[in-house]
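Geometric and topological summary
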Amino acid sequence: MRGVITDSRAPGGLRLADDLPEPEPAAGECVLEVRAFGINPGEVRLIEERPDGWRPGQDVAGVVLRAAADGGGPPVGARVVAYPEWEGWAERIPVPTRWTAVLDDRVSFEEAAALPVSGLTALRALRLGGSVLGRDVLVTGATGGVGRLAVQLAVAAGARVTAQVSRPEREAEARELGVYRAVTSLDDATGPFHLVLDGVGGPALRQAIGLLAPGATAVVYSSAAGATELTLSDFYRSGAYNAKVVGFVSTVPEETKGEDLAILAGLVADGRLRPGIGWAGEWTRTADAFTAMARREIRGKAVLTVPV
Ligand SMILES: NC(=O)c1ccc[n+]([C@@H]2O[C@H](COP(=O)([O-])OP(=O)(O)OC[C@H]3O[C@@H](n4cnc5c(N)ncnc54)[C@H](OP(=O)(O)O)[C@@H]3O)[C@@H](O)[C@H]2O)c1
């Protein structure tokens, strides 16, 4: 069976192997024929660090080849999106049924494969702010894979969203997502914000803390722009009294990954959420997709397809 593995001698540290073992599913696992998968920035470091032969892959969409032996989960032939822990970039994979969601015909495999890591991050980070109806929300890195989804979900939830983007040409792209305001610098953002969803980190996070309302929440899911120095005075100087900074991990809780995938896939089916695929190619080009991502050339998600 073919699948992507780490190989330190291969370009980009990845190689398509053709001698992987067939899946041996546990009782609560179905077997998928993978049709498309997505990549994420967090996988870069793992690919570098893990030994040769390691199998990455979390964002997966495909067709159920074998239903779970315990009788639960999607039936044979169902089109599904899945969020396995690893080893998702292969022709056939076992995956716990509770980490899958059935896809409506209106959702393509490519769109679905853009959802697991980025979509759960956006959805679960937004929830940490409670009700955002009529409230101001700031999303940094707003045209990235997570940022685009976070903006759309916050807008759908009734928030007034300010989007921070990395350069002026991306402001229009953010406006297309329904934001109230798009800024390249937080100097131009006007708080106070009820919720900040931060996908950038670095000095901008400190600035964002200074824009929080009293008791508000900043959900931090990245430190792409480096470390942030924070002191208590960053909170009280601006009136962000008793505001909270949440160090966010998207995979928790694991039991409800499938439920949350179903919510996201449903919104895509209804045309209320657009994953935004900025790069697409066959899976033989997985290393190229990582190169484009490292160069910050991709707007939105990179998705690879697996021909059948
Ligand atoms: N904690 C978690 O559970 C979790 C889950 C998912 C993702 N993440 C992390 O969240 C971050 C965003 O993920 P993603 O999939 O959205 O990545 P992405 O698609 O590459 O988007 C990154 C976004 O951040 C901007 N950006 C990147 N580096 C920047 C920098 N140094 N300064 C300012 N802006 C910068 C990019 O702007 P341009 O593209 O315009 O340059 C883009 O808008 C990544 O660091 C990822 O590892 C964490």
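Being a predicted model, the structure only gives us computed values, none of them experimental. (Residues numbered from 1 in each chain as written. Predicted model: local features only at pLDDT ≥ 70, side-chain atom pairs only at ≥ 80, totals over all residues. Heavy atoms only, no water.)

1. Considering the packing of aromatic side chains
Enumeration according to the criterion identifies five aromatic pairs in this entry. Residues Phe37 and Trp283 carry aromatic rings whose centres are separated by 6.4 Å and whose planes lie at 70° to one another, so their mutual orientation is edge-to-face. Of the two residues, Phe37 is situated in strand 3 (residues 29-38) and Trp283 in the loop between strand 14 (277-282) and helix 9 (286-294); the sequence distance between them amounts to 246 residues. For Phe37, a relative accessible area of 0% translates into the label buried. Here the aromatic cluster, defined as three or more aromatic residues joined through ring pairs, consists of Phe37, Trp89, Trp283 and Phe290. One cation-aromatic arrangement involves Arg160 over Tyr180; the distance from NZ or CZ to the ring centre is 4.2 Å. (Phe/Tyr/Trp six-rings, centres within 6.5 Å; stacked < 30°, edge-to-face > 60°. Helix = DSSP H or I, 4+ residues; strand = E, 2+ residues; numbered from the N terminus. Buried < 20%, exposed > 50% of the residue type's maximum accessible area, 1.4 Å probe, protein only. Lys NZ or Arg CZ within 6 Å of the ring centre and 35° of its normal.)

2. Examining helix 1 (residues 42-49)
When helix 1 is considered as a whole, its buried residues turn out to be Glu43, Leu46 and Ile47. Around the axis of helix 1, the buried residues are gathered within 100° of arc, so they sit on the same side. In helix 1, the exposed residues that point more than 90 degrees away from the buried face are Glu48 and Glu49. Buried residues along helix 1 sit against strand 1 (3-6), strand 2 (14-17), strand 3 and helix 9. (Arc of directions from axis to C-beta. Contact = heavy atoms within 4.5 Å.)

3. Thoughts on the site of the ligand
The full set close to the ligand counts 23 residues, and Gly145, Ser166, Arg170, Ser222 and Arg296 are the nearest of them. For the ligand, an oxygen atom lies 2.4 Å from a polar atom in the side chain of Arg170. One of the side-chain nitrogen or oxygen atoms of Ser222 is found 2.7 Å away from an oxygen atom of the ligand. A molecule is said to occupy a pocket when more than half its atoms come within 2 Å of that pocket's grid points, and by this definition the ligand occupies the largest pocket. If you list the elements that add at least two residues to the shell around the ligand, you get helix 3 (116-127) and helix 4 (145-156). Each of domain 1 (3-117 + 275-305) and domain 2 (129-247) gives at least three residues to the shell around the ligand. (Near = heavy atom within 4 Å. Polar contact = N/O pair within 3.5 Å; in protein donor to acceptor, adjacent residues only side chain to side chain. 1 Å grid on protein atoms, 1.4 Å probe; cavity = no way out; pocket = protein on both sides within 12 Å on 5 of 7 lines; lining within 4 Å. Sits in = over half its atoms within 2 Å of the grid points. Domains from an automatic or database assignment.)

4. Quick word on the UniProt feature "domain: Enoyl reductase (ER)" (unreviewed entry) in the protein chain
Within the UniProt annotation, "domain: Enoyl reductase (ER)" (unreviewed entry) is assigned to residues 9-304. Structurally, residues 9-304 is divided into 26% helix and 26% strand, and its ends, taken at the C-alpha atoms, are 22 Å apart. (UniProt positions renumbered as here; feature names shortened; annotations may be inferred.)

5. Section: the pairing of strand 5 (residues 79-82)
Side chains of strand 5 alternate between two faces, with Arg79 and Val81 and Val80 and Ala82 buried alike. Sheet topology places strand 4 (residues 59-66) next to strand 5; four bridges connect them, and they run antiparallel. Bridge assignment links Val63 to a residue of strand 5, and that residue is Arg79. Relative to strand 7 (residues 100-102), strand 5 runs antiparallel, the two sharing three bridges. Each bridged residue has a counterpart across the sheet, and for Val80 the counterpart in strand 7 is Val102. (Pairing = 2+ DSSP bridges.)

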